[in-house]
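Coordinate inspection notes
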Amino acid sequence: MSVEVVLAIAGVTGTLGAALLTQVLATRAETQRRVVEDKTRWLSDRRRVSAELIAGALKLERELFSACAQLDREERAERLPGYTSVLLTSTAGLPPILDDVTRAILVEAAEDALKALDSLEVTAAEVELTGTPDEGARAQELIDSLLDALGLVESFAMADVAYDAVMRSRSAREAYLEVARAALRVDGAAAPPDSRLRQ
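Below, the structure is looked at part by part. (Residues numbered from 1 in each chain as written. Predicted model: local features only at pLDDT ≥ 70, side-chain atom pairs only at ≥ 80, totals over all residues. Heavy atoms only, no water.)

Before going further, it helps to spend a moment on the overall build of the protein. Tallying secondary structure elements over the protein gives 5 helices and 0 strands in all. When the helices and strands of the protein are listed from N to C terminus, the series reads α-α-α-α-α. Taken over C-alpha atoms, the radius of gyration comes to 29 Å for the protein, far larger than the 16 Å a tight globule of 199 residues would show. Referenced to the eigenvectors of the C-alpha coordinate spread, the extents of the protein come out at roughly 115 × 30 × 25 Å. Counting the 199 residues in the protein, one finds 32% classified as buried. Surface accessibility of the protein: about 11900 Å² in total, with carbon and sulfur atoms responsible for 59%. (Helix = DSSP H or I, 4+ residues; strand = E, 2+ residues; numbered from the N terminus. Rg over C-alpha atoms; globule rule 2.2 N^0.38 Å. Buried < 20%, exposed > 50% of the residue type's maximum accessible area, 1.4 Å probe, protein only. Areas by Shrake-Rupley, 256 points an atom, 1.4 Å probe, with all protein chains shown as cover.)

This part covers a negative patch on the surface. On the surface, Asp-118, Glu-121, Asp-144 and Asp-148 cluster together to form a negatively charged patch. Of all the secondary structure elements, the ones that give two or more residues to the negative patch are helix H3 (100–130) and helix H4 (133–154). Tracing the backbone through its elements, the reader meets Asp-148 in helix H4. (Patch = residues over 30% accessible without salt bridge, like charges linked within 9 Å, V, L, I, M, F, W, Y side chains within 5 Å. Salt bridge = Lys/Arg side-chain N within 4 Å of Asp/Glu carboxyl O. Lys, Arg positive; Asp, Glu negative; His and termini not counted. Charge placed at Lys NZ, Arg CZ, Asp CG, Glu CD.)

Now for the side chain of Thr-89. The residue Thr-89 is located in the loop between helix H2 (43–68) and H3 in this model. A relative accessible area of 4% places Thr-89 in the buried class. Among the polar contacts listed, one links the side chain of Thr-89 to the backbone oxygen of Val-86, at a separation of 2.7 Å. Reaching out from Thr-89, the side chain makes a polar contact with the side chain of Arg-103 at a distance of 2.9 Å. Every residue in contact with Thr-89, bar those within four places of it in the chain, is listed here: Tyr-83, Leu-98 and Arg-103. (Polar contact = N/O pair within 3.5 Å; in protein donor to acceptor, adjacent residues only side chain to side chain. Contact = heavy atoms within 4.5 Å.)

Nothing here speaks to function; it is all geometry.
Dropping the structure here:
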């Protein structure tokens with residue numbers, strides 16, 4: 001073989017090798033770009049649903065906390081003799097345990113809370129679809145804790161028991177906030193949106 005043929009073969013081989021290397025590197029860069037895009041694709045949606053869930057839970061906690069003020073601290077074997085829920089009592093209440101005004105306040109609070117929880121469950125489902133598994137689990141724990149607190153208000157539980165349930169939902173909200181911030185790659189600790197404590 002002549003020198004010209006060897007040089008031509010080396011040139012063609014070098015060109016093909018460079019083209020192949022360029023293609024491999026471009027494919028790798030595209031794959032990495034897609035991985036980053038997949039990780040950030042839902043970022044704005046995740047931020048929106050997290051904010052909706054946190055704000056909605058905070059609002060509901062405050063409403064349930066206010067409703068707890070209508071509950072008494074008396075120990076009775078049956079909180080509402082003959083009934084399992086304030087919603088099932090007559091509009092006159094259940095004198096002397098539950099007067100009509102207190103009943104009306106608790107019924108309105110329970111009905112409003114049920115509507116709010118319906119909306120929050122949709123938001124929690126969005127979290128489960130777009131968030132991390134940990135975010136989904138914490139969102140469900142938050143919903144469950146709010147349902148527990150509502151159940152205690154609705155069943156006319158002792159005030160301290162119901163207040164404690166609302167405080168547990170607050171802890172669940174703060175736990176969700178922590179994992180949501182980590183998943184959204186937000187630096188630093190969150191300032192709790194409601195630092196007031198029950199006296």
